Amino acid sequence: MARRKLVYEGKAKILYEGPEPGTLVQYFKDDATAFNAEKKDVIDGKGVLNNRLSEFFMTGLQRIGVPTHFIKRLNMREQLIRQVEIIPLEVIVRNFAAGTMAKRLGLEEGTPLPRPIVEFSYKDDSLGDPLVPEEYIIAFGWATQQDMDDIVALALRVNDFMAGVMHGVGIKLVDFKIEIGRIWDNDFMRLIVADEISPDSCRLWDIETDRKLDKDVFRRDLGDLADAYTEVARRLGVLPKNTTPGPKPTLIN
Ligand code: CDP
């Protein structure tokens, strides 16, 4: 088979040219990074788990009418997606205070928020993805006011879906990040959910124990990241067959 053309390589994923115009292949790596890639490691099996989990959330969203870039899973690490023009924003939805919000406002992590809060960071690693107000986004032309209204509505639908699904398996959705892309059907522009939805981009806490089941396990050295993601996949019933990062083989003399 001819080598595929690489379109983009990010910290946790690679995009290749897809088989049809307007499609891409999204490959999930095992690389984990945090603090703008200052902390790095390779976590065996993370890519396989995130490929499955992102498929699970994206197909679930599509079933309730939320448009996403997901077309189909191709294999353990790859999925076919629609090519979009990514809006350079990280759209963050928070249900409970954590991370940078907790720090900024001096709130204890886990404090319930009066309502879901949607905030935006400008996607630029060299600047550390700074938080930006909507006024900047519109003034700099990254999105229009109409886009922003649509993005907030989309983000809140994703939040309701994700929070409900997670609650069903005993997990609290503390916060998450999505990215939004533009696609054109002739002259008609639509905004769809793109990138990935996985424990790399959510904060997920066990409802009973507050055990962290997301990338904070890696950021804060709280244990084995693959174990945490496997637990999320297991509870959701999406554990891939024969690909569980199970126990390491033991050598018998
Ligand atoms: O994660 P951190 O504390 O740096 O930032 P945050 O603004 O508190 O993150 C809110 C949520 O967005 C968390 O679930 C992060 O995992 C996610 N996020 C992400 O996936 N990618 C980023 N570049 C920033 C945040």
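All of the points below concern the structure found in this document. (Residues numbered from 1 in each chain as written. Predicted model: local features only at pLDDT ≥ 70, side-chain atom pairs only at ≥ 80, totals over all residues. Heavy atoms only, no water.)

### Focus: the environment of Ala 155
The following threshold applies: The secondary structure listing takes helices from DSSP runs of H or I that are at least 4 residues long and strands from runs of E that are at least 2 residues long, numbered from the N terminus. Contacts are assigned to residue pairs with any non-hydrogen atoms lying within 4.5 Å of each other.
Examined against the element boundaries, Ala 155 turns out to sit in helix H4 (residues 145-168). The spacing of Ala 155 and Leu 191 is 36 residues in sequence and 11 Å in space, taken between C-alpha atoms. The contact partners of Ala 155, leaving out residues within four places of it in the chain, are Val 91, Val 93, Val 118, Phe 176 and Ile 178.

### Re the side chain of Ser 201
Summarising the element assignment, Ser 201 is placed in the loop between strand E13 (188-194) and strand E14 (202-206). Once residues within four sequence positions are removed from consideration, Ser 201 is found in contact with Phe 176, Lys 177 and Glu 196.

### Things to note about the pairing of strand E2 (residues 13-17)
Our working rule: Partly exposed residues are those whose accessible area sits between 20% and 50% of the maximum for their type, while under 20% is buried and over 50% is exposed, using a 1.4 Å probe and protein chains only. DSSP-based pairing: two strands are paired if at least 2 bridges between them are found.
Among the five residues of E2, four are classified as buried, and the element is accordingly described as predominantly covered. Direction of pairing for strand E1 (residues 6-9) relative to E2: antiparallel, over a ladder of three bridges. Looking at the pairing, Leu 6 lines up with Tyr 16 of E2. Linking E1 back to E2 in an antiparallel pair, the connection comprises three residues. Counted between consecutive antiparallel strands, the loop separating E2 from strand E3 (residues 23-28) contains five residues, among which Gly 22 sits at a positive phi close to 85 degrees.

### Considering H4
Residues spaced three or four apart along an α-helix point in a common direction, a consequence of the helix completing one turn every 3.6 residues. Quick reminder of the rule: Each helix should span, by expectation, one fewer than its residue count multiplied by 1.5 Å.
Taking 1.5 Å of rise per residue, the 24 residues of H4 would be expected to cover 34 Å, and the 35 Å separating its terminal C-alpha atoms lies within 8% of that figure. For H4, the set of buried residues is Asp 147, Met 148, Ile 151, Leu 154, Ala 155, Val 158, Asn 159, Phe 161, Met 162 and Met 166. Gly 170 sits one or two positions beyond H4 and adopts a positive phi of about 75 degrees.

### Concerning the side chain of Glu 119
Defined as follows: Side-chain atoms alone can form a polar contact between residues adjacent in sequence; in general such a contact is a pair of N or O atoms within 3.5 Å, and within protein one must be able to donate a hydrogen while the other accepts it.
Relative to the assigned elements, Glu 119 resides in strand E10 (residues 112-122). A distance of 2.9 Å separates the side chain of Glu 119 from the side chain of Arg 94, its partner in a polar contact. If sequence neighbours within four positions are ignored, Glu 119 has contacts with Glu 90, Val 91, Ile 92, Arg 94, Arg 104 and Leu 131.

### Some details on the environment of Ser 201
By relative accessible area, which is 12% here, Ser 201 ends up buried. For Ser 201 and Asn 186, which are 15 residues apart along the polypeptide, the C-alpha to C-alpha distance reads 32 Å.

### So, unusual backbone geometry
One non-glycine residue, Asn 36, lies in positive phi territory at about 55 degrees. For Asn 36, the location among the structural elements is in the loop between strand E4 (31-34) and strand E5 (39-42). Located in the positive-phi region is Ala 37, a residue other than glycine, with phi close to 70 degrees. Judged by relative accessible area, which is 24%, Ala 37 ranks as partly exposed.

### Re the packing of aromatic side chains
We apply this condition: Between rings of Phe, Tyr and Trp, where Trp is taken as its six-membered ring, a pair exists when centres lie within 6.5 Å; planes separated by under 30 degrees are stacked, by over 60 edge-to-face, and by other angles tilted. Each ring is checked for a lysine NZ or an arginine CZ that lies within 6 Å of its centre and within 35 degrees of its normal; such an atom marks a charge sitting over the ring.
In total, this model carries four aromatic pairs according to the counting rule given. With a centroid separation of 5.3 Å and 20 degrees between ring planes, the pair formed by Phe 140 and Trp 142 is classed as stacked. A network of ring pairs unites the aromatic residues Tyr 122, Tyr 136, Phe 140 and Trp 142 as a single cluster. Above the ring of Phe 218, the side-chain terminus of Lys 39 is found at 5.0 Å from the ring centroid. When the ring centre of Trp 205 is taken as origin, the NZ or CZ atom of Lys 212, which lies over that ring, is 4.4 Å away.

Any functional reading would require information that these geometric values do not contain.
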